[in-house]
Amino acid sequence: MISAVLVFNNNGQPRLVKFYSQIDISLQQRLLKQIFSLVSNRPASACNFLPLPPLLAGSNSWNTSDADEPITLLYRHYATLYFIVISDSLESPLGLLDLIQVFVQALDQLFENVCELDLIFNFETLHATLEEMVVGGCVVETDLNKIVACVRESEKVLKKGHGMRPGGSGSSGVGGIGRGGFMGGDLVWAGR
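The paragraphs below set out a description of the structure included in this document. Remember, it's a predicted structure, so these values are computed and weren't measured experimentally.

## Here we look at the sheet that holds strand β3 (residues 49–51)
Here is step 1 of the chain: Sheet architecture is open: five strands sit in the order β2-β1-β5-β4-β3, paired in antiparallel fashion. Strands at the two margins of the open sheet, each flanked by one partner only, are β2 (14–19) and β3. Across this sheet, the average inter-strand angle for adjacent strands is 20 degrees, counted without regard to direction.
Here is step 2 of the chain: Pairing analysis gives seven bridges linking strand β1 (residues 2–9) to strand β5 (residues 81–88), with the strands arranged antiparallel.

See the structure below:
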C-alpha cells in the first residue's frame, strides 16, 4: 500500500503532499524536511530506492498494518521537481517507479510540457491526476490515455458548471437552498 505521494521542487518547497496513512501533523512536517534532505543530497547516479527515513525508524505511528513490514521510499528527479512515493513492501518498487513515470507523462500531456508553475497554478489538475491513479493508497489506474481523458473530462464539467455558480448555489444566490442548489434544482424550499 502506498503511504504517501510527495512532490518537491529543488529548494525543498512541497508542491504536492498526499498522505494515505494517518500520522501526526508535526511528524509530517519533520518527515517532509528529512525526506527532502535525504533525496536531494543523493548523487544523480545513486539508486532511486531508499530505506525508511531515520525519523520513522522504530515508530509505529506510520505503519499501521504490521510493525515488522519495511517501508520504502522511491523517488525520481525530473528537471526541477522530485517525485517521491512512500510505500510498504507489498508494492513492487519497479511498479511504483513506473507509476511515477506515468504520473509525470500524464501531467506533461495535460499541461503540454509541464513545469513547476503549472503545478502551482493548476493544483486542482495535479490532484485530479493523482486521484485518477491512486485511491486510498491503492493503485487503481496506470493507463496513460485513460488518466488524461478522465482528467480532461472532469475539467470540461467544471468549466461548463451545468449553470451552477461555485459553492453549489444556483440562480437563487443562497448556497444550497432554492432553485438549482439542491438535488439538481428539482426542489424549491418553501420555508416554514
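## Side note on the pattern of salt bridges
Here is step 1 of the chain: Applying the stated criterion across every chain yields a total of one salt bridge.
Here is step 2 of the chain: Of the charged contacts, one joins Glu116 and Arg15 as a salt bridge, the two residues approaching to 2.8 Å between their closest N and O atoms. Of this pair, Glu116 sits in helix α3 (residues 116–121) while Arg15 is found in strand β2, placing the two residues 101 residues apart along the sequence.
Here is step 3 of the chain: Taking relative accessible area as the criterion, Glu116 reaches 17% and is therefore assigned buried.

## A short note on the packing of aromatic side chains
Here is step 1 of the chain: The tally for this structure, following the rule as stated, stands at four aromatic pairs.
Here is step 2 of the chain: Centre to centre, the rings of Phe36 and Tyr82 are 5.9 Å apart; their planes meet at 85 degrees, and the pair counts as edge-to-face. Note that Phe36 is positioned in helix α1 (residues 25–40) and Tyr82 in strand β5, a separation of 46 residues in sequence. Grouping residues by exposure puts Phe36 and Tyr82 together as buried.
Here is step 3 of the chain: With 5.9 Å between their ring centres and 85 degrees between their planes, Phe83 and Phe103 make a pair best called edge-to-face. With Phe83 in strand β5 and Phe103 in helix α2 (residues 93–111), this residue pair connects regions lying 20 residues apart in the sequence.
Here is step 4 of the chain: Pairwise contacts between aromatic rings join Phe8, Phe36 and Tyr82 into one cluster.

What counts, and at which threshold
- Residues numbered from 1 in each chain as written.
- Predicted model: local features only at pLDDT ≥ 70, side-chain atom pairs only at ≥ 80, totals over all residues.
- Heavy atoms only, no water.
- Pairing = 2+ DSSP bridges.
- Helix = DSSP H or I, 4+ residues; strand = E, 2+ residues; numbered from the N terminus.
- Axes fitted to C-alpha atoms, helices over the stretch in contact; angles between N-to-C directions.
- Salt bridge = Lys/Arg side-chain N within 4 Å of Asp/Glu carboxyl O.
- Buried < 20%, exposed > 50% of the residue type's maximum accessible area, 1.4 Å probe, protein only.
- Phe/Tyr/Trp six-rings, centres within 6.5 Å; stacked < 30°, edge-to-face > 60°.

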